[in-house]
Amino acid sequence: MSDTCGHSKGHLIFSYGTLKRGFPNYNLMQSLIDDNDAVFMGAHVTRNSYPLVCGPNGIPFLINLPGSGHRVTGELYSVSTRGLARVDELEGTIAGHYERLPIQIENQVDLVEAEAYYAHRSFGEELWERNGREGLSEYTEREASGLVRREDRSKDRTFLDEVRFFLSSSSSSAPK
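So, here is what we can say about the structure in this document.

Definitions and limits used
Residues numbered from 1 in each chain as written. Predicted model: local features only at pLDDT ≥ 70, side-chain atom pairs only at ≥ 80, totals over all residues. Heavy atoms only, no water. Buried < 20%, exposed > 50% of the residue type's maximum accessible area, 1.4 Å probe, protein only. Helix = DSSP H or I, 4+ residues; strand = E, 2+ residues; numbered from the N terminus. Pairing = 2+ DSSP bridges. Phe/Tyr/Trp six-rings, centres within 6.5 Å; stacked < 30°, edge-to-face > 60°. Lys NZ or Arg CZ within 6 Å of the ring centre and 35° of its normal. Axes fitted to C-alpha atoms, helices over the stretch in contact; angles between N-to-C directions. Parallel < 35°, antiparallel > 145°, perpendicular 65-115°, else oblique. Contact = heavy atoms within 4.5 Å. Nonpolar A, V, L, I, M, F, W, Y, C, P; charged D, E, K, R; others polar. Salt bridge = Lys/Arg side-chain N within 4 Å of Asp/Glu carboxyl O.

Section: the pairing of strand β1 (residues 11-15)
And then number 1: Extensive coverage of β1 is indicated by the burial of 4 of its 5 residues.
And then number 2: Summarising the sheet, β1 and strand β7 (residues 111-119) pair through 2 bridges and their orientation is parallel. By the bridge assignment, phenylalanine 14 is partnered in β7 with alanine 116.

As for the pairing of β7
And then number 1: The element β7 is largely enclosed, with a buried count of 7 among its 9 residues.
And then number 2: When strand β6 (residues 98-106) meets β7, the two strands line up antiparallel, connected through 9 bridges. Within β7, the position partnered with proline 102 by the bridge is glutamate 115.
And then number 3: Connecting β6 to the next strand, β7, in antiparallel fashion are 4 residues.

Side note on the packing of aromatic side chains
And then number 1: Summed over all chains, the structure comprises 6 aromatic pairs.
And then number 2: Aromatic pair phenylalanine 23 and tyrosine 139: ring centres 5.5 Å apart, planes at 45°, arrangement tilted. Within this pair, whereas phenylalanine 23 is found in the loop between β1 and α1 (26-34), its partner tyrosine 139 is found in the loop between α3 (124-130) and α4 (141-144), the two being separated by 116 residues in sequence. In terms of burial, phenylalanine 23 and tyrosine 139 fall into one category: buried.
And then number 3: Here tyrosine 50 and tyrosine 118 contribute two aromatic rings whose centre-to-centre distance is 5.8 Å and whose plane-to-plane angle is 55°, an arrangement assigned as tilted. Note that tyrosine 50 is positioned in strand β2 (residues 38-50) and tyrosine 118 in strand β7, a separation of 68 residues in sequence.
And then number 4: The ring centre of phenylalanine 166 lies 4.1 Å from the NZ or CZ of arginine 130, which sits over that ring.
And then number 5: The residue whose ring lies beneath arginine 157 is phenylalanine 165, and the NZ or CZ to ring-centre distance is 4.3 Å.

Re the packing of α1 against helix α2 (residues 81-91)
And then number 1: Look at α1 against α2: their axes get within 11 Å of each other, and the N-to-C directions meet at 170°. Between α1 and α2, the angle falls in the class roughly antiparallel. Here Leu28, Met29, Ser31 and Leu32 of α1 come into contact with α2, specifically with Gly83, Arg86, Val87 and Leu90.
And then number 2: A breakdown of the residues in the contact of α1 with α2 according to their chemical character gives 5 nonpolar, 2 polar and 1 charged.

A word on the environment of alanine 95
And then number 1: Along the chain, the position of alanine 95 falls in the loop between α2 and β6.
And then number 2: Here alanine 95 falls in the partly exposed class, since its relative accessible area comes to 44%.
And then number 3: For alanine 95 and leucine 160, which are 65 residues apart along the polypeptide, the C-alpha to C-alpha distance reads 8.7 Å.

So, the pattern of salt bridges
And then number 1: Following the criterion strictly, the structure yields 12 salt bridges and no others.
And then number 2: One salt bridge connects glutamate 138 with lysine 20, and the closest N-O pair in it is separated by 3.9 Å. Of this pair, glutamate 138 sits in the loop between α3 and α4 while lysine 20 sits in the loop between β1 and α1, and the two are 118 residues apart along the sequence.
And then number 3: The class for glutamate 138 is partly exposed, based on a relative accessible area of 34%.
And then number 4: Residue classification places lysine 20 among the buried positions, given a relative accessible area of 4%.
And then number 5: A salt bridge links aspartate 35 to arginine 86; the shortest N-O distance between them is 3.6 Å. With aspartate 35 in the loop between α1 and β2 and arginine 86 in helix α2, the pair connects residues that are 51 residues apart, well separated along the chain.

So, in structure tokens, the structure goes:
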């Protein structure tokens, strides 16, 4: 089993949402690549099925419920420790937005042990239920068109307040 695919920046990160090429937060990955703190390793898919849903403000969340949902398509990056700190900051790992946990992914050649940013365990399963246990196999431009950028979000509520509000609202308005 390959864990670096011949490149060694330190940390293998599977991106399934806004950090992918062409998506709203890719500017961070491009900055890391420009600073020699990340290398794009190619398209990959999760070995197992996972729920991938859009939550409040159209934000994508991978949920750590292996065996549910679909195999999820995304991108693999090898990221330096310095770069990883910047991605962790964006993903709000200290604030309890996401958790960076192991995931097995593969391409046509390798099975890779990487890490992904999952919805925090304090609300992940509820997001899956709130979305009617219906998930995506890939976060696409269609889903990204519903993303509310950080600067355009409510200043009156925190990220976690937005999650709680979303979870308490009617599921009939849940994005599919």
